[in-house]
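Residue strings, one per chain:
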Amino acid sequence: MEPPENVDVGFETAEKIILRWDSTSSEEARERMIFDGERHEIDRYLQAVDEIQRSMESATIADDQSKANTAIQIAMARLEDEFRNILIAHTGPIEIDSLVDPNSSTHSASRTDSTGDGEFQDEDFAEDDELTKEAELQRGESSTSAASYRSANSIRELDLIPCEVIYDLRSIAERMISAGYFRECVQVYGSVRKSAVDASFRRLKVEKLSIGDIQRLEREALETKIRRWIRAAKVCVRILFASEKRLCEQIFEGLGTATDDACFMETVKGPAIQLFSFAEAISISRRSPEKLFKILDLHDALSDLLPEIDVIFQSKSSESIRVQAAEILSRLAEAARGILSEFENAVLREPSQIPVPGGTIHPLTRYVMNYISLISDYKQTLIELIVSKPSTGSRYSGDPTTPDMEFAELEERTPLALHLIWIIVILQFNLEDKSKHYKDASLAHLFIMNNVHYIVQKSKGSPELREMISDDYLRKLTGKYRQAATSYQRSTWVSVLYCLRDEGLHVSGSFSSGVSKSALRERFKTFNAMFEEVHRTQATWLIPDMQLREELRISISELLIPAYRSFLGRFRIHIESGKHPETYIKYSVEDLETAVLDFFEGYAVSQHLRRRSQ
């Protein structure tokens, strides 16, 4: 060992110095700490310890050996107290404002911080303003030195203790370990530093929750805790644990076999296990579709941290932490795959049979499309996790309750894209089944048109989802909702337009005008009644999309208005020449054009048509 100064101290002098600071027999020793005093006094005590240790090695007389043993025991007890006192005096929770990069002032719009650059976006701390307030109160109160740090990738190592203090701690540790007091030194160090880590944990709101605790949490509470855990995990791994490891190296490196690793694990093993136990509990807790995205957030965060975990916990003694983190990451990936599979089955089997009023967009359609839009936001993560195609086709061959899906034309799609397309396929399959519960075939077609159109628009609205599904597939879906619109028109308007045909109205005879007025009157009455019924009913139907609603109205007008105008032009004179023509010709062309504008608004028939029909 190298004493602070090259000054020889004899055994007797050294023994007197050691006994002077024996707190069991000296009042002065109990009231004062050596390392709180002058530098020369500190150096003199350390030299005395060194002399006693040298004397132990060279002593040949039993009496001298006994005296040296007694002195070294007193010295080690004293150094242990000094070691503890120095640590306590310079140990406090990390200042919370030091956990935020002071150079970062941008607000990220991304769903999560997965850049791996070690910087924390303002939004990460937006929900916990009390952290910032607490940091302001703590500023200047902690004995921790002003935060300076070195960066290695995304690891930020704070200087937890000033360099001159580290020198004293290392001087003590060196002598305790050399004298065989390794365990005592490690225990003192671990107990003091662990309390600091625990205090930082409390400020970061890292909670110890069991699987049962997590199962009982409401969704919003769970999501808040997951967001907080991700934030805390980044701080703990990249700053807190990394800084503790550096401090251990500064004090203990080279003082024995893996001494620094032993002290590091003594300090952080418990907190690290507590930190990762939350993610572990999430990974094995009950699955539900709503948990998928938070599980993916956890997976992304842990995946980003894993390289740093491997660096910080690289020793043999900390292997259990590395293994735990890797296993949790694997379980989170498996949970995500399982939830996606269960979600597909839930969409297929969703049992509601009550038709939605007016044939509007079904809640299931909105839910599923919003869900897979969110899935597409996690494309990069899920492309890595989803490596197999959905189980379709051969698995369900001949099963009338499950659709088939041909993969031949989708060979170039990723497994994730195939899963998303499969979800849309089974959603349509379920919607087709739900449409059968409408008693009115026209409304059933309108329902399919609305829902498939929503699927298309929602897909186009997400660039990531659109890219994965492809424009080719969206064109097929577009053709499907247009076919549903055509089927609606055919189902509703063929019978109405049938009233405006010429067949059955002409008669022959020398005293006849060639038109049967009674048949014509009956034809106008039938048309009026049918149109009024369609208007009354379909005004309450709903097409939520304004453009689609207008397109279908125009299409109806293009069928109805020319046919009615032509029929009225050919036969008006025959009605107006008789009695009460207004009873039969109730509507002008303009009336019908106006009435069509009432269709698909989702509320009762307009007063305009109702007044004319009275």
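Residues numbered from 1 in each chain as written. Predicted model: local features only at pLDDT ≥ 70, side-chain atom pairs only at ≥ 80, totals over all residues. Heavy atoms only, no water.

Explanation requested: the packing of aromatic side chains in the structure shown.
How two aromatic rings sit relative to each other is set out by the distance from centre to centre and by the angle between their planes. Here the structure, examined in full by the defined rule, presents 22 aromatic pairs. Taking the centre distance of 5.1 Å and the plane angle of 90 degrees together, the rings of Y189 and F252 count as edge-to-face. Taken as a pair, Y189 in helix α7 (residues 182-204) and F252 in helix α9 (residues 219-252) lie far apart in primary sequence, 63 residues in all. Considered together, Y189 and F252 belong to a single accessibility category, that of buried residues. (Phe/Tyr/Trp six-rings, centres within 6.5 Å; stacked < 30°, edge-to-face > 60°. Helix = DSSP H or I, 4+ residues; strand = E, 2+ residues; numbered from the N terminus. Buried < 20%, exposed > 50% of the residue type's maximum accessible area, 1.4 Å probe, protein only.)

So what exactly am I meant to see when it comes to the pattern of salt bridges here?
A side chain with one charge can pair with a side chain of the opposite charge if their charged atoms come near. Counted according to the given criterion, the structure contains 39 salt bridges. Residue K434 is joined to E350 by a salt bridge in which the shortest nitrogen-to-oxygen separation is 2.6 Å. Residue K434 is located in helix α15 (residues 415-435), and its partner E350 is located in the loop between α12 (319-349) and α13 (363-377); the two are separated by 84 residues in the primary sequence. Overall, E350 belongs to the partly exposed group, its relative accessible area being 23%. A network of salt bridges, in which partner residues are shared, links R20, E28, R32 and E41. (Salt bridge = Lys/Arg side-chain N within 4 Å of Asp/Glu carboxyl O.)

Even after reading the chapter, I still don't get the environment of E51, so can you show me in this structure?
Looking at the secondary structure, you find E51 in helix α3 (residues 39-58). Along the primary structure E51 and E12 are separated by 39 residues, whereas in three dimensions their C-alpha atoms are 9.5 Å apart. For E51, the contacting residues outside a window of four places in its chain are V9, G10, F11 and A14. (Contact = heavy atoms within 4.5 Å.)

Explain the packing of helix α6 (residues 163-178) against α9 here, please?
If you want to describe how two helices pack, look at the angle between their axes and the distance between the axes. Two numbers describe how α6 lies on α9: the axes approach to 8 Å, and their chain directions differ by 60 degrees. The orientation of α6 with respect to α9, classified from their angle, is oblique. Here I166, L169, R170, A173 and I177 of α6 come into contact with α9, specifically with L247, E249, Q250, I251 and F252. Partitioning the contact of α6 with α9 into residue classes produces seven nonpolar, one polar and two charged. (Axes fitted to C-alpha atoms, helices over the stretch in contact; angles between N-to-C directions. Parallel < 35°, antiparallel > 145°, perpendicular 65-115°, else oblique. Nonpolar A, V, L, I, M, F, W, Y, C, P; charged D, E, K, R; others polar.)

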